Amino acid sequence: MADHSHGSPESTGVVARPGQGDVQKFQNPGLPPHRPRLADRDPRAEKRAERQVAILFLVSIIGTVLFFVGYFLIPLDETIETLRLQNLTLGLGTAFAMLGIGVGIVHWAKTLMPDHEVSEDRHEIRTEADRADAEKIINDIVEETGIKRRPLIRNTLLGAMLLAPLPAVFIFRDLGPLPGDVLRQTYWDSGTRLARDPSGTPIKASDVTIGSAFHVIPEGLSDSEHYLEEKAKAVVLLMRLNPDSLNPSPGREDWGYQGIVAYSKICTHVGCPVALYEQQTHHLLCPCHQSTFDLTQECKVIFGPATRPLPQLPIAVDDEGYLIATSDFQEPVGPSFWERG
């Protein structure tokens, strides 16, 4: 059997064994030698770097001005060309406004601010002397930026930072006024007949059999000037159950008619259409995130991320046997919003 001990790491001394003494540690190589930048050696290079930073801040100012040119001076005449031109100027203006400030600050730090490395142990600041040292550090940082003795950089930076947020203010302004009561009111009103979607044919109570489901809109909705907006709020699911399986809460006993009930089709989670009806379980299912509502319990949420039941539309029957709404929804339809109580 061959003896390999003479070539092992332990026998050659590469790996220390217990009792052989302390192993020599590597010495800290320290920081590499400092190499001064061109701006540190040449006053002309320093002045050139200062002008470059100021130019970048001016680019930011020009970008903000370009945004306002596109926002105020390019009229929208509903043609695709002007729309593209305005979008281009708004996008380029915002990009240059943000890019000028960002690149300018980075270039300022890399070329003009002091280029030395400092390391110290972390410690808690507790005593007044420590607080004074911290204040001195902050003052030293401000002094090292050179912002006090470089008015060109200071003034262009202030101008760029004052103008840069303005595009965002005007963009948020274009989101429009608060909705007020718009989301609380729909096309439904007392006496409005329930009609099939999309034909608009009125529905009689005799047309609705047990287990059936209809997608319903208000009669006359097609004549609305804002058809799509109104339909998005007013669509309803109409179903008929055995009246004994319904459990109306006090005050809602007359919101249905002989087992026929109507509920908003707009899911209270994020506004998807609740379009699936399980006849055997009497469950309404939203296909987007699987929120499930129990029709026998006034569309109470029994599964999924929705937090509120579907709003119920009070209905009755007119003299000709057609189903009608007795009022609008008693609560806002769809998902929650910031003005909802």
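In short, a report on the structure.

Criteria and cut-off values
- Residue numbers restart at each chain and count upward from 1, following the sequence in its written direction.
- Predicted model: local features are reported for residues with pLDDT of at least 70 only, side-chain atom pairs are reported and counted for 80 or more only, and whole-chain, interface and lining totals are derived from all residues.
- Hydrogens and water molecules were not included; the side-chain quantities draw on all heavy atoms of the structure.
- Axis lines are fitted through C-alpha atoms, for helices just across the contact stretch, and the angle between N-to-C directions can take any value from 0 to 180 degrees.
- Strands here mean DSSP runs of E at least two residues long; helices mean DSSP runs of H or I at least four residues long; both are numbered from the N terminus.
- Geometric relationships in this document are graded by angle, where less than 35 degrees denotes roughly parallel, more than 145 denotes roughly antiparallel, 65 to 115 denotes roughly perpendicular, and other angles denote oblique.
- Left-handed is the label given to a crossing in which the near helix is rotated counterclockwise from the far helix by less than a right angle, and right-handed is the label when the rotation is clockwise.
- Contact criterion: two residues are considered in contact whenever any of their non-hydrogen atoms come within 4.5 Å of each other.
- For two strands to pair, DSSP has to find at least two bridges joining them.
- Buried Ala, Val, Leu, Ile, Met, Phe, Trp, Tyr and Cys residues form a nonpolar core when they are joined through side-chain atoms within 4.5 Å.
- We call a residue buried when its accessible area falls under 20% of the maximum for its residue type, exposed when it is over 50%, and partly exposed in between, using a 1.4 Å probe and counting protein chains only.
- A helix is expected to span 1.5 Å multiplied by its residue count minus one.
- Comment: arc refers to directions from the helix axis out to C-beta atoms.

## Focus: the packing of helix α3 (residues 43–73) against helix α6 (residues 151–163)
Stage number 1. Interhelical geometry of α3 versus α6 gives an angle of 20° and a closest axis separation of 9 Å. As judged from the angle between their axes, α3 and α6 are roughly parallel. Handedness of the crossing formed by α3 with α6: left-handed. Mapping the contact onto sequence places Glu50, Val53, Ala54, Phe57, Leu58, Ser60, Ile61 and Thr64 in α3 and Leu152, Ile153, Thr156, Leu157, Gly159, Ala160 and Leu163 in α6.

## Quick word on the pairing of strand β8 (residues 300–303)
Stage number 1. Here strand β7 (residues 292–294) runs beside β8; their pairing, made up of three bridges, is antiparallel. Bridging from a neighbouring strand, Asp294 pairs with Lys300 of β8.
Stage number 2. Hairpin connection from β7 to β8: five residues lie between these consecutive antiparallel strands, with Glu298 at a positive phi of about 60°.

## Concerning the nonpolar core
One recurring pattern in soluble globular proteins is that nonpolar side chains are buried together.
Stage number 1. In this structure, Trp188, Val216, Leu238, Leu313 and Leu323 are the most contacted members of the largest nonpolar core, which totals 18 residues.
Stage number 2. Elements represented by at least two residues in this core include exactly β2 (213–218), β3 (236–240), β4 (260–264) and β10 (323–325).
Stage number 3. Among residues more than four places away in sequence, those in contact with Trp188 are Arg193, Leu194, Val216, Ile217, Pro218, Ala234, Val236, Leu313, Ala325, Ser327, Asp328 and Phe329.
Stage number 4. Within the second largest apolar cluster, 17 residues are counted, among which are Leu246, Val274, Tyr277 and Cys286.

## Details of α6
Stage number 1. Taking 1.5 Å as the rise per residue, α6 with 13 residues should run 18 Å; its terminal C-alpha atoms sit 18 Å apart, in good agreement.
Stage number 2. Within α6, burial applies to Ile153, Thr156, Leu157 and Ala160. End-on, the buried residues of α6 take up no more than an arc of 105°, which puts them together on one face.
Stage number 3. In this structure, the buried residues of α6 make contact with α3 and α4 (80–111).

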